[in-house]
Amino acid sequence: MISLDEAREHVLARVAPLGPVELVLDEALGAVTAAEVVATEAVPPFVNSAMDGYAVRSADTVGAPVELKVVGMIAAGAAPDGSVGPGEAIRIMTGAPMPGGADAVVLVERTRTEGDVVTIEITVEPGTSLRGVGEDVRPGDVVVAPGTVLTPGHLGVLASVGVERVAVHRRPRVGVLSTGDELVTSGPLGRGQIRDSNRPTLLALVREAGFEAVDLGVVGDDEASVTTAIEQAVASCDAVLTSGGVSMGDLDYVKVVLDRIGEMRWMQIAIKPAKPFAFGTVGEVPVFGLPGNPVSSMVSFELFARPALRRMAGRSDLHRLTVPAVAPDGLRRSADGKVHFARVVATQEAHGWSVRSAGGQGSHQLAAMAAANALAVLADGNGVAAGDTVPTMLLGFG
Ligand code: AMP
Ligand code: MG
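Predicted model only: the values in this text are computed from it and were never measured.

Before going further, it helps to examine the domain arrangement of the chain. By domain assignment, the chain separates into domain 1 (4–18 + 171–312), domain 2 (20–43 + 135–169), domain 3 (48–131) and domain 4 (322–394). Taking only C-alpha atoms into account, the centre of domain 2 sits 36 Å from that of domain 3.

Rendered as structure tokens:
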């Protein structure tokens, strides 16, 4: 058996960020920038009012209350015209350009108006309630650095400086293939048959991670079919996930085929679940031979495929957030030379995170995995006693 770290390093060393593509902002949420974006415009582009109020000469407000003559009104979107002379004020709305002559805005709540006379109740400094040119972004500012995972806020900043398209790493297109003669996709079960649950699970995991998922169906346990399926998969995808066919069975052809048509390493990793794993590259395309047991395939995806796919997408934050959590009931295990990933429900409590078993811990017990929102990482040994703290990988974060 090899360590989890060794297996991960092996995989991550063999994947690289995909080349850049240009996307319109509307399609770029979650994508990773491939180059820096430099602003060529200032935001705000002109001096404008931060408040609804009156544009004034601040010197006129000394000794407030003072009365000023209202000589006009400027709305947001209006082209600035007119100017404020001594003893005058112009009604102004938030975001409207400042008129000439005025150097401050008095918010409307501190004024009273009667006819065309406004009483200003406070004395204001020059610059009060103004937003200056470039206070948010100046021309030449790097608004987005390379390697940025684009959030809604970033898309807004890009839009604010007039950027309509952005260069990002291509999102991996990930094929998902189930293998096994026992698998059926619908209808009644015959003798010895089970339903294919890995494919819908893995397709959803790929999508949830932000990548494009391609359903490659189910293939039986014969070498020729597995060969054809993987060859077709690598021709149209950036990465391929298979499940099943990588353990010690006589009909475990995925590892046989990957060995023949690609550069493959078959691993027995000191973890439970998800001990067997085959990782190969066929041409340039990484193929993740995930184990068949439903919980194992999910855990293997989390530990190996998801970080690697994130690297391909240009991300440098590859792993799930791991936090210390208290196990109020303990989490017991027996020593076997492996690190165990216990399916747990993590909850946030006053002191921080707590974790409790999510149910049956067998690698075929998908219901408990579905109920879990975290994996408690139990080092080799007897597990943790009630009240002890255990590192916990949160599946919903990062
Ligand atoms: P294998 O690694 O192919 O020997 O599969 C290990 C176990 O996982 C067996 O019990 C398989 O029936 C089961 N299994 C394999 N593929 C799937 C799948 N797509 N959906 C549900 N169970 C599966
Ligand atoms: Mg099988």
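Past the structure itself, the notes keep going.
Here we have six strands laid out as an open sheet, ordered β7-β4-β6-β5-β9-β8, and mixed in their pairing. The sheet is open, and its two borders are formed by β7 (104–107) and β8 (111–114), each paired with just one other strand. Mean inter-strand twist for the sheet, computed between neighbouring axes without regard to direction, equals 40°. With four bridges connecting them, strand β4 (residues 53–56) and strand β6 (residues 88–92) associate as antiparallel partners. Bridge pairing links Val56 to Ala89 in β6.

A few words now on the layout of surface pockets. Roughly 480 Å³ of internal volume is contained in the largest pocket. If you trace the largest pocket, you find 32 residues lining it, with Gly244, Pro291, Gly292, Asn293 and Pro294 closest to the centre. If you list the elements that add at least two residues to the lining of the largest pocket, you get β13 (173–179), β15 (194–195), β18 (263–268), β19 (271–272) and α6 (294–312). Residue composition of the lining of the largest pocket, grouped by class: 10 nonpolar, 14 polar and eight charged.

To continue, consider the site of ligand 1. The local shell around ligand 1 holds 17 residues, among which Glu182, Asp196, Ser197, Gly245 and Gly292 are the closest. Glu182 places a side-chain nitrogen or oxygen 2.5 Å from an oxygen atom of ligand 1. The backbone of Ser197 places a nitrogen or oxygen atom 3.1 Å from a nitrogen atom of ligand 1. In isolation ligand 1 offers 480 Å² of accessible surface; the protein chains occlude 78% of this area. Its atoms largely coinciding with the cavity grid, ligand 1 occupies the largest pocket. Of all elements in the fold, only β13 and β15 reach the threshold of two or more residues within the shell around ligand 1. Its residues assigned to classes, the shell around ligand 1 comprises three nonpolar, 10 polar and four charged.

Scoring rules and cut-offs
Residues numbered from 1 in each chain as written. Chains lettered and ligands numbered in written order. Predicted model: local features only at pLDDT ≥ 70, side-chain atom pairs only at ≥ 80, totals over all residues. Heavy atoms only, no water. Domains from an automatic or database assignment. Pairing = 2+ DSSP bridges. Helix = DSSP H or I, 4+ residues; strand = E, 2+ residues; numbered from the N terminus. Axes fitted to C-alpha atoms, helices over the stretch in contact; angles between N-to-C directions. 1 Å grid on protein atoms, 1.4 Å probe; cavity = no way out; pocket = protein on both sides within 12 Å on 5 of 7 lines; lining within 4 Å. Points joined across faces, edges and corners; volume = space filled by probe spheres on them. Nonpolar A, V, L, I, M, F, W, Y, C, P; charged D, E, K, R; others polar. Near = heavy atom within 4 Å. Polar contact = N/O pair within 3.5 Å; in protein donor to acceptor, adjacent residues only side chain to side chain. Areas by Shrake-Rupley, 256 points an atom, 1.4 Å probe, with all protein chains shown as cover. Sits in = over half its atoms within 2 Å of the grid points.

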